Amino acid sequence: MAFLLVMVAALGGILVAAALVDRASRRHGHRLRGGGSMWEEEVREHRRDVRAGDAQHYMNPDRAWTRRQRRG
């Protein structure tokens, strides 16, 4: 029984700490993003790369237009 109480207390402490960190982050303007918004960004970036590649006909050895190259 004592083990269960210790585990519940530890889990509760972790959840309280996470809530405090989240609250502090939100005060500074940080927001969590869902998987859907990240997926939309990936699709948008891929479309941009495809359009840029089509404009260069994929024949130019300079790949600076790809997302990987833009990030460095």
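The shown structure was predicted, so the numbers you read here are calculated from the model rather than taken from an experiment.

S.K.: Sorry if this is basic, but what is going on with the overall build of the protein here?
M.R.: Across its full length, the protein holds three helices and zero strands. Along the protein, helices (α) and strands (β) appear in the sequence α-α-α when read from the amino end. Among the 72 residues that make up the protein, the fraction classed as buried is 8%. Roughly 6,500 Å² of accessible area belongs to the protein as shown, and the carbon and sulfur atoms make up 63% of that amount.

S.K.: Sorry, what's going on with the pattern of salt bridges here?
M.R.: Pairing is possible between side chains that carry opposite charge, provided their charged atoms lie close to one another. What the rule picks out here adds up to one salt bridge. With a shortest N-O distance of 3.0 Å, R26 and D22 are connected by a salt bridge. Residue R26 and its partner D22 are both found in helix α1 (residues 2-27); the two are separated by four residues, about one turn of the helix. In this structure D22 comes out as partly exposed when scored by relative accessible area, which is 30%.

S.K.: Where do I start with a nonpolar patch on the surface in this structure?
M.R.: Among the surface-exposed residues, M1, L4, L5 and V8 lie close enough to one another that they form a single nonpolar patch of about 470 Å² accessible area. Looking at the element boundaries, M1 is found in the segment before α1. Residue classification places M1 among the exposed positions, given a relative accessible area of 75%.

S.K.: So what exactly am I meant to see when it comes to the confidence of the model for the protein here?
M.R.: Low pLDDT means the predicted coordinates in that region are not meant to be read closely. In the predicted model, the protein carries a mean pLDDT of 79, and the fraction of residues at 70 or more is 71%. Considering each helix and strand of the protein separately, the mean pLDDT is smallest for helix α3 (residues 67-71), with a value of 65, and largest for α1, with 93.

About the cut-offs
- Residues numbered from 1 in each chain as written.
- Predicted model: local features only at pLDDT ≥ 70, side-chain atom pairs only at ≥ 80, totals over all residues.
- Heavy atoms only, no water.
- Helix = DSSP H or I, 4+ residues; strand = E, 2+ residues; numbered from the N terminus.
- Buried < 20%, exposed > 50% of the residue type's maximum accessible area, 1.4 Å probe, protein only.
- Areas by Shrake-Rupley, 256 points an atom, 1.4 Å probe, with all protein chains shown as cover.
- Salt bridge = Lys/Arg side-chain N within 4 Å of Asp/Glu carboxyl O.
- Patch = residues over 30% accessible without salt bridge, like charges linked within 9 Å, V, L, I, M, F, W, Y side chains within 5 Å.
- pLDDT = per-residue confidence, 0-100.

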